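The residues making up each chain are set out below.
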Number of protein chains: 2
Amino acid sequence: MPLRTSWAKDACPIARGADVFGDPWAVLVLREVFIGNNRFDGIRTQLGIAESVLSNRLRRLVEAGILCLEPYISGGRPRNKYCLTSAGVDALSVLHAIAGWAQRNTAAPEGKLMRVICSLCGTDSAPGFLCASCGEQFELSTTSWDHPNAPGRVISLGKAETIENAEASRFSAAP
Amino acid sequence: MPLRTSWAKDACPIARGADVFGDPWAVLVLREVFIGNNRFDGIRTQLGIAESVLSNRLRRLVEAGILCLEPYISGGRPRNKYCLTSAGVDALSVLHAIAGWAQRNTAAPEGKLMRVICSLCGTDSAPGFLCASCGEQFELSTTSWDHPNAPGRVISLGKAETIENAEASRFSAAP
């Protein structure tokens, strides 16, 4: 790493966005933070990712202004958890676009589908930009996931920890 | 390559989608095909990408069922161009989500913005899922881009070459 020049200052917003989301681990780390799994050890355990890779991806997501470090004390030791900034909250649209495309165009093992539940109308639909029932845009506070990794356990994204309007932290992403 | 196990058969659609779009070069190659730049040499020149990297990404996009190889003759030699399958056409929603996020959350050099023009209402708006003016979903046939890489030159995506309902070709992606 890096395997290429940064595109963070490219004139094309597709390139600037690919600079962030064009990394499969970054996308899955974000998925974990959205469902409230926002501590280093918890993400590492869930994804089965090497510590160095996770540390690198968290650092890049912090530098991109998507995640913010929040210190806390555990067992008398200072630790960090990762919270969504406003830009991070806005990344729900990207995760839903990716999930929606995959659900429409790739085979789901054992036919298990991801459902997105809109609390405004109480209906579940497929991942996308809008609730297929009431037509409202999926927002963090009104969206839950029934996810193939934990079928039947509805996860409210509104419980994800956020720091609205936070500036990007530029600390390293240590455990 | 590969740097990790394939997630193409993962139960999570975010992981299956990240298997395709979680690669910055793949995203930019797709951008080029959407604007009609769908031949090996043309993409290589535009992106400044190494032949081996481009060949690899085209092969993966073909294997993922997003692009299809179409043979043609140039200078008496058989060549291939890359056309969007129906799953490829559907990827417009992902490109627009990524571009929209980046335009809302990252700085555009010299303030140059990407505009998306909806031919249904003739209005231009930011990249997203819906036309901000008429509320219709952006579709390939009704969408044009005014892109920072070629400002003032409106590119109709409806001219992108497509093969609807094509099965994924499983040939190698040679020039």
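Attention in this report is confined to the structure presented alongside it. The residue numbers shown here count from 1 along each chain, following its written sequence. Chain letters and ligand numbers both follow the written order, the letters beginning at A and the numbers at 1. Local features in this predicted model are restricted to residues whose pLDDT is 70 or higher, and side-chain atom pairs enter the listing and the counts only when it is 80 or higher, whereas totals over whole chains, interfaces and linings include all residues. As a rule here, side-chain values cover all heavy atoms of the structure and leave hydrogens and water aside.

## What about the side chain of Glu32(A)?
Residue and element names in this part refer to chain A.
Point 1. By definition, any uninterrupted DSSP run of H or I lasting at least four residues is a helix, any uninterrupted run of E lasting at least two residues is a strand, and each is numbered from the N terminus. Inspection of the secondary structure puts Glu32 in helix α2 (residues 24–34).
Point 2. A 1.4 Å probe rolled over the protein chains alone gives each residue an accessible area, and that area as a share of the maximum for its type sets the label: buried under 20%, exposed over 50%, partly exposed in between. Given a relative accessible area of 2%, Glu32 falls into the buried group.
Point 3. Those residues in contact with Glu32 that sit more than four places away from it in its chain are Asn37, Ile43, Gln46 and Leu47. Throughout, a residue-residue contact means that at least one pair of heavy atoms, one from each residue, lies within 4.5 Å.

## Notes on the interface of chain B and chain A
Point 1. Contacts between chain B and chain A engage 49 residues on the former and 49 residues on the latter.
Point 2. Accessible area that two parts lose when put together, evaluated with a 1.4 Å probe and summed over both, is termed the buried area. When chain B packs against chain A, the two sides together hide about 4000 Å² of surface, and 73% of this comes from carbon and sulfur.
Point 3. It is Ile14(B), Arg16(B) and Trp101(B) that lose the most area in chain B upon contact with chain A, and together they represent 19% of the buried surface on that side.
Point 4. By definition here, a salt bridge exists when the distance from a side-chain nitrogen of Lys or Arg to a carboxyl oxygen of Asp or Glu is within 4 Å. At the junction of chain B and chain A, the tally comes to two salt bridges.
Point 5. Of the charged contacts, one joins Asp90(A) and Arg104(B) as a salt bridge, the two residues approaching to 2.8 Å between their closest N and O atoms.
Point 6. Two N or O atoms form a polar contact when they lie within 3.5 Å of each other; inside protein one atom must be a possible hydrogen donor and the other a possible acceptor, and for residues adjacent in sequence the pair counts only when both atoms belong to side chains. The interface formed by chain B and chain A contains 10 residue pairs in polar contact (both at pLDDT 80 or more).
Point 7. Residue assignment for the side of chain B that touches chain A shows that the elements contributing at least two residues are α1 (13–21), α2 (24–34), α5 (86–90) and α6 (92–105) of chain B.
Point 8. It is α6(B) that contributes the most residues to the side of chain B that touches chain A, 11 residues altogether.
Point 9. Residues belonging to the side of chain B that touches chain A are distributed by class as follows: 32 nonpolar, eight polar and nine charged. Asp, Glu, Lys and Arg are counted as charged, while Ala, Val, Leu, Ile, Met, Phe, Trp, Tyr, Cys and Pro are counted as nonpolar; the rest, among them Gly, fall into the polar class.

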